[in-house]
Each structure stands twice: as structure tokens, then as C-alpha cells.
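Per-entry structural report
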Amino acid sequence: MSDTWYADGLRFTCTQCGHCCTGAPGFVWVNDEEIAAIAAFRGESVLETTALYTKPFRRERSLRERANGDCIFLSAEGSCTIYAVRPRQCRTWPFWESNLESRDDWHRACASCPGAGQGELIPAAEITRRMKVIRV
């Protein structure tokens, strides 16, 4: 950890603003356990949740998006309607490799996320752990 530019840690506290759930189309990867958790949280069957809220891509599944690129679970008020069971990709934001390659990348993430660079100091080891979760 000591050789990373963020060896002293980074500050982050989720404000639940929903900014990370909007914008350009992309993928929010979900596995079977995450789909089951979303289904249970919503009181739906796994089959129903899979059909309504996910889409296949190659051998994986991603959450669906609205036409404007917003996550299907983003409310009109801008908050996540499944926050308690959000997928690991969402839980690990902003500690993604793309945001941590350089200080400039981190500053870009901070510009779009009001919680990045603010609040709780997250140690480098925890940042690395979160970054690796997405690959599991």
C-alpha cells in the first residue's frame, strides 16, 4: 500500500445523492446472490426481478437503465430505491480502478461525487479491498 499515491488514505462518505447512478450508459454487473437480495428486498421472485430489472450481456447480467442512462432503481427524487442491498459495484464506488489510477482520476471522481474527498478517512488497505471486490 505504501507505494500507492493514496497511501495515506482517501476521504469518502456516501451522501446518497444518486450522481453515480446517472449519466452515460454503462453496466452495473450483478451476480445471482445480488439479484436474489434485490428480489427479496422488493418482495418479488428472482425470476421476476431478473426479467424486469436486468439484462444479459455475454455471460453476465447488468442492471437495466432508463433511456437517459439512469439506473432503473434510481427514484424520481434521485435516491437509490435498493440502497440497502445495492450491488457490490455500487457499494464500492468511488473506489474503482478507473478512479484510482492517478490523483487526476480521483479529482475527476470528486468533481462528480459530493461525498468523494469528504468525510470519513478510508485507509489505503480498505480502499484496495473495495477495489478488488468488484472483480469477485
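Below is a short write-up of the structure. All residue numbers here refer to positions counted from 1 along the written sequence of the relevant chain. Two thresholds apply to this predicted model, a pLDDT of at least 70 for residue-level local features and 80 or more for giving and counting side-chain atom pairs, whereas whole-chain, interface and lining totals are computed over all residues. Neither water nor hydrogens contribute to the side-chain values; these are computed over all heavy atoms in the structure.

Attention shifts here to the overall build of the protein chain. Secondary structure counts use DSSP, requiring at least four H or I residues in a row for a helix and at least two E residues in a row for a strand, with both numbered from the N terminus. Regarding its fold elements, the protein chain presents six helices and five strands. Listed N to C, the secondary structure of the protein chain is β-β-α-α-β-β-α-α-α-β-α in terms of helices and strands. Here the protein chain has a C-alpha radius of gyration of 16 Å; the compact-globule value for 136 residues is 14 Å, and the two agree. Each of the three principal axes of the protein chain carries a C-alpha extent, and together these read 45 × 30 × 25 Å. Only protein chains enter the calculation, and the probe is 1.4 Å; a residue is then buried if its accessible area is under 20% of its type maximum, exposed if over 50%, and partly exposed in between. Among the 136 residues that make up the protein chain, the fraction classed as buried is 36%. Any pair of residues with heavy atoms lying within 4.5 Å of one another is described as a contacting pair. For the protein chain, long-range pairs separated by at least 24 residues make up 69% of all intrachain contacts whose partners lie at least 6 apart in sequence. Here the accessible surface of atoms and residues is derived via Shrake-Rupley with a 1.4 Å probe, and residues count as covered only by protein chains that are part of the display. Roughly 8100 Å² of accessible area belongs to the protein chain as shown, and the carbon and sulfur atoms make up 53% of that amount. None of His or the chain ends enter the tally, which takes Lys and Arg as positive and Asp and Glu as negative. The location of each charge is read from NZ of Lys, CZ of Arg, CG of Asp or CD of Glu. Taken as two groups, the 17 positive and 17 negative side-chain charges of the protein chain have centres that lie 2 Å from each other. Radius of gyration: over C-alpha atoms. The globule rule applied is 2.2 Å multiplied by the number of residues raised to the 0.38 power.

Next up on the list: the pairing of strand S4 (residues 60–63). Only strands that DSSP links by at least two bridges are regarded as paired with each other. Pairing geometry for strand S2 (residues 29–30) and S4, over two bridges, is antiparallel. Counterpart to Trp 29 in the pairing with S4 is Ser 62. The pairing of strand S3 (residues 54–57) with S4 spans four bridges and is antiparallel. From the neighbouring strand, Pro 56 faces S4, where its bridge partner is Arg 61. Linkage of S3 to S4, two consecutive antiparallel strands, is achieved through a turn of two residues, within which Arg 58 is found at a positive phi near 55°.

Time to look at helix H5 (residues 103–112). Among the residues of H5, those classed as buried are Asp 105, Trp 106 and Ala 109. Along H5, the residues classed as buried sweep out an arc of 100° about the axis, all on the same side. Facing away from the buried surface of H5 by more than 90 degrees, the exposed residues are Asp 104, His 107, Arg 108 and Ala 111. Of the surrounding elements, those touching the buried residues of H5 are strand S1 (10–12), helix H4 (97–100) and strand S5 (116–122). The directions considered for the arc run from the helix axis to the C-beta atoms.

Time to look at the sheet that holds S4. If you walk across this open sheet you meet the three strands as S2-S4-S3, and the pairing is antiparallel. Strands with a single pairing partner mark the edges of an open sheet, and in this sheet they are S2 and S3.

Here the focus is unusual backbone geometry. Cis peptide bonds are those with omega within 30 degrees of zero, and the linkage from Trp 93 to Pro 94 qualifies with 0°. Locating Pro 94 in the fold gives a position in the loop between helix H3 (88–91) and H4. A positive phi is found at Gln 16, a non-glycine position, where the angle reads about 55°. Along the polypeptide, Gln 16 turns up in the loop between S1 and S2. Not every positive phi belongs to a glycine, and Arg 58 is a case in point at roughly 55°. Note that Arg 58 resides in the loop between S3 and S4. Accessibility expressed as a relative area gives 76% for Arg 58, which makes it exposed.

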